[in-house]
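Structural overview
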Amino acid sequence: VLLGSGLTVLSQPLMYVKVLVQVGYEPLPPTLGRNIFGRQIYQLPGLFAYAKHIVKVDGRAGLFKGLTPRLCSSAIGTIVHGKVLQPGASKKEPVSSLEQVLKETSREMVARSAATLITHPFHVITLRCMVQFIGRETKYSGTLSAFTTIYREEGILGFFAGLIPRLLGDILSLWLCNMLAYLINTYALENGVRAPVEVSGLTVFFVLLQVSTMTEMKSYSQAVTGFFASMLTYPFVLVSNLMAVNNCGLAGGLLPYAPTYSSWLDCWSQLHREGNMSRGNSLFFRKVPTGKRYVWE
């Protein structure tokens, strides 16, 4: 819990900027720069320039808006995740077969889904606290008062705005990550080890080195496939965040930043038509808006 809370605090400015970019808020004009080929292009300010703008408006503490409900979400999610996995923790075996991978992934899916379901109200409040920066509102000024506001205006369903795409994205990302890691470890790495024809001290040394390297590569494969899976499922994150703030009474959830979506499928289809499915995915290589579309330069 403490480790997760520390990482949450450190990553808060990054998430804050990302959320504002996701809803389409661009307070700074594009600047003339050069791409990797040396051609002059107009680029939107990146993470650090955007963060400096927030500090200029709200001070350094402004980078941590929405931190309290996010810390609550992180801590409660960690506890729930551990409690759900706890009954089968003593039966955990080395993940070596496809059957074991499917079993472990299924258990992890249940644990993550339970944690997401319980902590989603805090996630919604976190996003709305951040989006208030656009219209300079104070509607969601505190965690407890935010619960009261959402319940009074939207009822119970308001706490779960954007939940379905978030759950789908988490589940797809988990299965993609684990299955790709299993395929790489089984067919790309293990099959790479061959028994030596003759045994000598030098041969044994190189075999041990090869096995050690393979074990190390297996530990990295999960991180690599996790990154790849998160890239593929990013549209679900974007749609979930947009639906969490959509038509909630804040300027960032209304036109000209976002139309009123009837459902998350409507949001998905509109973003797809506009070519905005990856908006906010990278804060270092920013897209330049052309009309209502975003295109890579």
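What counts, and where the lines are drawn
Residues numbered from 1 in each chain as written. Predicted model: local features only at pLDDT ≥ 70, side-chain atom pairs only at ≥ 80, totals over all residues. Heavy atoms only, no water. Phe/Tyr/Trp six-rings, centres within 6.5 Å; stacked < 30°, edge-to-face > 60°. Helix = DSSP H or I, 4+ residues; strand = E, 2+ residues; numbered from the N terminus. Buried < 20%, exposed > 50% of the residue type's maximum accessible area, 1.4 Å probe, protein only. UniProt positions renumbered as here; feature names shortened; annotations may be inferred. Patch = residues over 30% accessible without salt bridge, like charges linked within 9 Å, V, L, I, M, F, W, Y side chains within 5 Å. Areas by Shrake-Rupley, 256 points an atom, 1.4 Å probe, with all protein chains shown as cover. Salt bridge = Lys/Arg side-chain N within 4 Å of Asp/Glu carboxyl O. Contact = heavy atoms within 4.5 Å. Polar contact = N/O pair within 3.5 Å; in protein donor to acceptor, adjacent residues only side chain to side chain. Expected span 1.5 Å × (residues − 1). Bend = angle between axes of the 7 residues up to and from the residue. pLDDT = per-residue confidence, 0-100. Axes fitted to C-alpha atoms, helices over the stretch in contact; angles between N-to-C directions. Parallel < 35°, antiparallel > 145°, perpendicular 65-115°, else oblique.

Here we take up the packing of aromatic side chains. All told, the structure shown has seven aromatic pairs when counted by the stated rule. Their ring planes at 75° and their centres at 6.1 Å tell us that Y25 and F133 sit as a pair that is edge-to-face. One end of the pair, Y25, is in the loop between α1 (2-22) and β1 (31-34); the other, F133, is in helix α4 (residues 98-135), with 108 residues separating them in the sequence. We note that Y25, like F133, is buried.

Below, the discussion takes up the UniProt feature "transmembrane region" (unreviewed entry) in the protein chain. In the numbering adopted here, UniProt assigns the feature "transmembrane region" (unreviewed entry) to residues 167-187, 193-211 and 223-244. Counted over residues 167-187, helix gives 100% and strand 0%. Its end C-alpha atoms are 30 Å apart. Structurally, residues 223-244 is divided into 95% helix and 0% strand, and its ends, taken at the C-alpha atoms, are 28 Å apart.

Attention now moves to a nonpolar patch on the surface. Residues L3, L7 and L10 make up a contiguous nonpolar surface patch of about 370 Å² in total accessible area. For L7, the location among the structural elements is in helix α1.

With that settled, consider the environment of T8. Structurally, T8 can be placed in helix α1. Counting along the chain gives 67 residues from T8 to A75, while the straight-line C-alpha distance between them is 9.8 Å. Those residues in contact with T8 that lie beyond four places of it in its chain are L67, R70, L71 and S74. Among the polar contacts made by the side chain of T8, one reaches the side chain of S74 at a distance of 3.4 Å.

This paragraph deals with helix α8 (residues 234-245). In a regular helix each residue adds 1.5 Å, so twelve residues correspond to 16 Å; α8 covers 17 Å between its end C-alpha atoms and thus fits that length. With eleven of twelve residues buried, α8 lies mostly within the body of the structure. Turning to α8, its buried residues are Y234, P235, F236, L238, V239, S240, N241, L242, M243, A244 and V245. In the segment just after α8, N247 is the residue with positive phi, at about 50°.

Our next topic: the environment of S173. In this structure, S173 sits in helix α6 (residues 163-189). Residue S173 is classed as buried on the basis of its relative accessible area, which comes to 14%. Non-local contacts of S173, meaning those with residues more than four positions away in its chain, are made with A229, S230 and T233.

Of all the bends found along α4, the most pronounced is centred on T119 and spans about 55°, while P121, a proline, follows it within four residues. In the stretch just after α4, R136 is the one whose phi turns positive, near 60°.

This brings us to the confidence of the model for the protein chain. Low-confidence regions, as indicated by low pLDDT, have predicted coordinates that should not be scrutinised in detail. The share of residues in the protein chain with pLDDT of 70 or more is 81%, and the mean pLDDT across the chain is 83. Residue range residues 193-200 is modelled with pLDDT below 50. Its contacts to residues more than four positions away, or to other chains, number six contacts. Here residues 290-297 is a poorly scored stretch, pLDDT under 50, and it has 25 contacts once near neighbours within four places are set aside; other chains count.

Next up on the list: the packing of α4 against α8. Remark: α4 packs on α8, axes separated minimally by 9 Å, with the N-to-C direction vectors making an angle of 75°. As judged from the angle between their axes, α4 and α8 are roughly perpendicular. For the pair formed by α4 and α8, the contact residues are H120, H123, V124, L127, R128 and V131 on the first element and S240, N241, A244 and V245 on the second.

Attention now goes to the pattern of salt bridges. Enumeration according to the criterion identifies six salt bridges in this entry. One salt bridge in this structure joins R128 and E154, with 2.7 Å as the shortest N-O distance. Separated by 26 residues along the polypeptide, R128 in helix α4 and E154 in helix α5 (residues 143-154) bring together distant segments of the chain. When salt bridges that share partners are traced, they join D58, K65 and R136 into one network.

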